[in-house]
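# Notes for the structure review
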Amino acid sequence: LAAAAEEHAKVKELNTNDFNVTLASLPQGSRVLAEFYAGWCPHCRHYAHTYEQIARFFAANEDSGVLAVRVDCAVERRLCADFHIASYPTIAFGSPEQFLARANVTIHPSSESRDAPSMVAWVGRLMGKPFKYGKIPTTKPMLKGQQWLDSHGQQQLQDSQGKPLEPQSNSLWTLADVELATVELFRQIMSTPPLHTGPEKRTALFKLLRWWSAAHPSGRCRGGAQKLVALFDAKWWPASEGVAPEQLQSFEICGPSDQLAGSSWQSCKGSLPNTRGFTCGLWLLFHTSSTRLPDNGGNIFVEGVRAFGNHFFMCGVCQQHFTQIIASPGPLDAVQTREDSMLWAWRTHNQVNARLASFESEAGSTSGADPMFPKIQFPDERTCSSCWKHKAQGNANSGTSSGPGTEWDEGAVLVFLDRVYGDDGSQDDGPDDGQGSHGHAHKEGSQDSVAEMQSQGQLGRRGGQGLGSSSGKQVGRDKNELEKQGGGSAEEGRSE
């Protein structure tokens, strides 16, 4: 019975081709509950379990007349733009006619609870029916904690033909991942009307582009940003225009897609569908760009980070947590230099990882996380033993990077970040548009120890190598090389 109910209650995924057809075919008097989400959105993946419970309830109560559907906005950009979706997940309710007209649907307030009982009660109030939620049995096992991790720990990833999957990259980061994340973010902004409408968004976009134009690791993306920044007011988005002009909306920030360093996630590839990917690429963008700032470029970084967090991060719950971090007095306000920026990105990444590690352990298989890539405090002792002065009781997942009992040697951490994410291990992809002026010299031999690098004064020096002067697509420190240097696995250096 549970298995039959579960099959009957699967949430119907709709796309541009079948959205209108499906809703138009519903019986008169039907109502539609629609979740607009993004496959890359971590909170959306977690909420999927709850939304399935809601769908299961309405499917089991057929006289409710409610059909629960979902739309992946990461794929169906135009369809979601019709509904002016600006945050994921967004839940809308209305008649089929209202959805077909793209007008007058009721949006559930993101500030209110979205658990299954609350959502069922909300729908009931809108319909004037006293729905009372009762959980419908499911055959899916709910695994938590170590049981969840163990259930995946020995699995061999396979492709659609059942053949073992090989790793896409042996590097801790690749230029392809940073470029893909940049392209995806810019496309989200330009395909989402609320994100490119009004003077506030215009100013925020300029600050984001100025950050990329100064320090993006990809010459293609850096050049595209420099082109927009140079004539932003005069050509691309004049102050007199309330909405970003069409020529800006169609601009390819990193150039033609067939010229990118890669077409799929490499070091950011997850072991499960829709895991890691875009959010991993965003962290890589933070880390790699912070190492390429001018020595006094902290303000460019700060304004770019704030523009992204406050205006363009479309995962609703993720944005809420991130804006709390960037709004907290002190840390981000104190960023002035390149090294300040590097340390802020590292501390913040570890702070987020600590929160997610606790959440994922508790939520387990409903977390939407990738069990093959658990969140940890990085770098761990095996990767950079000199980075740790003292570790708190327990493992490296406990607490934040500045948590009680944990002491870091931040000088050694800076060297580590430079070695992994900086010019030391990178090969740029080609020339930008020639408008940049500052450059970065390679500083570190692959076998230099942290102590040797510090004694040689290599930390924080920026040289005179021109932008985009080297070539190649594989960037970052090779995992095997870091293992030789640090005495252990370099997997912990990966971004999540």
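What counts and how
Residues numbered from 1 in each chain as written. Predicted model: local features only at pLDDT ≥ 70, side-chain atom pairs only at ≥ 80, totals over all residues. Heavy atoms only, no water. Disulfide = S-S within 2.5 Å. Helix = DSSP H or I, 4+ residues; strand = E, 2+ residues; numbered from the N terminus. Salt bridge = Lys/Arg side-chain N within 4 Å of Asp/Glu carboxyl O. Buried < 20%, exposed > 50% of the residue type's maximum accessible area, 1.4 Å probe, protein only. Expected span 1.5 Å × (residues − 1). Polar contact = N/O pair within 3.5 Å; in protein donor to acceptor, adjacent residues only side chain to side chain. Core = buried A, V, L, I, M, F, W, Y, C linked by side-chain atoms within 4.5 Å. Contact = heavy atoms within 4.5 Å. Right-handed = clockwise from strand over helix to strand, strands pointing away. Axes fitted to C-alpha atoms, helices over the stretch in contact; angles between N-to-C directions. Parallel < 35°, antiparallel > 145°, perpendicular 65-115°, else oblique. Left-handed = near helix turned anticlockwise from the far one by under 90°. Nonpolar A, V, L, I, M, F, W, Y, C, P; charged D, E, K, R; others polar.

Right, let's talk about the state of the cysteines for a bit. The final tally for this structure, using the stated rule, is five disulfides. Across a sulfur-sulfur distance of 2.0 Å, Cys268 and Cys280 are joined as a disulfide pair. Negative torsions about the S-S bond denote left-handed disulfides, and the value of about -70° found for Cys268 with Cys280 makes this one left-handed. Taken together, the residues Cys268 in the loop between α12 (246-249) and α13 (278-290) and Cys280 in helix α13 connect sequence positions 12 residues apart.

Summed over the entire model, instances satisfying the criterion amount to 11 salt bridges. A salt bridge links Glu35 to Arg70; its shortest N-O distance comes to 2.7 Å. Taken as a pair, Glu35 in strand β2 (residues 31-37) and Arg70 in strand β3 (residues 66-72) lie far apart in primary sequence, 35 residues in all. What makes Glu35 buried here is its relative accessible area of 0%. When its relative accessible area of 11% is taken as the criterion, Arg70 is described as buried. Between Asp333 and Arg306 there is a salt bridge, with the nearest N and O atoms lying 2.6 Å from each other. Of this pair, Asp333 sits in the loop between α15 (316-327) and α16 (338-363) while Arg306 sits in helix α14 (residues 298-312), and the two are 27 residues apart along the sequence. A relative accessible area of 48% means that Asp333 is categorised as partly exposed. The network of salt bridges with shared partners includes Glu13, Glu35 and Arg70.

Between its first and last C-alpha, helix α17 (residues 410-421) extends 16 Å over 12 residues, near the 16 Å set by a 1.5 Å rise per residue. Taken across its 12 residues, α17 has 10 buried, putting it largely inside the fold. Within the sequence span of α17, burial applies to Ala412, Val413, Leu414, Val415, Phe416, Leu417, Asp418, Arg419, Val420 and Tyr421. The residue sitting at the N-terminus of α17 and contributing the capping side-chain oxygen is Asp409; that oxygen lies 3.1 Å from the backbone nitrogen of Gly411.

With that settled, consider the nonpolar core. Counting residues in each nonpolar core, the largest one holds 100 residues, and the members touching the most others are Leu205 and Trp344. Not counting residues up to four positions away in its chain, the partners in contact with Leu205 are Phe186, Ile189, Met190, Phe232, Trp237, Leu248 and Phe312. Membership of the second largest hydrophobic core comes to 19 residues, among which are Tyr47, Tyr51, Ala55 and Ala116.

Counting buried residues along β2, six of its seven residues qualify, which places the element largely inside the surrounding structure. Traced from β2 through helix α3 (residues 42-60) to β3, the parallel crossover comes out right-handed.

This next bit is on the packing of α13 against α16. Their axes nearest at 8 Å, the elements α13 and α16 cross at an angle of 160°. Taken together, the axes of α13 and α16 are roughly antiparallel relative to one another. With respect to the hand of their crossing, α13 and α16 are arranged in left-handed fashion. Seen from α13, the contacting residues are Trp283, Phe286, His287 and Ser290; seen from α16, they are Arg338, Ser341, Met342, Trp344, Ala345, Trp346, Thr348, His349 and Val352. Partitioned by chemical class, the residues of the contact of α13 with α16 number seven nonpolar, five polar and one charged.

So, on to the environment of Gly281. Relative to the assigned elements, Gly281 resides in helix α13. According to the relative accessible area criterion, Gly281 is buried, its value standing at 0%. Residues Gly281 and Gln266, spaced 15 residues apart in sequence, show a C-alpha to C-alpha distance of 9.9 Å. When neighbours within four sequence positions are excluded, Gly281 is seen to be in contact with Asp177, Ala181 and Cys268.

None of the figures reported here should be taken as evidence of function without further support.
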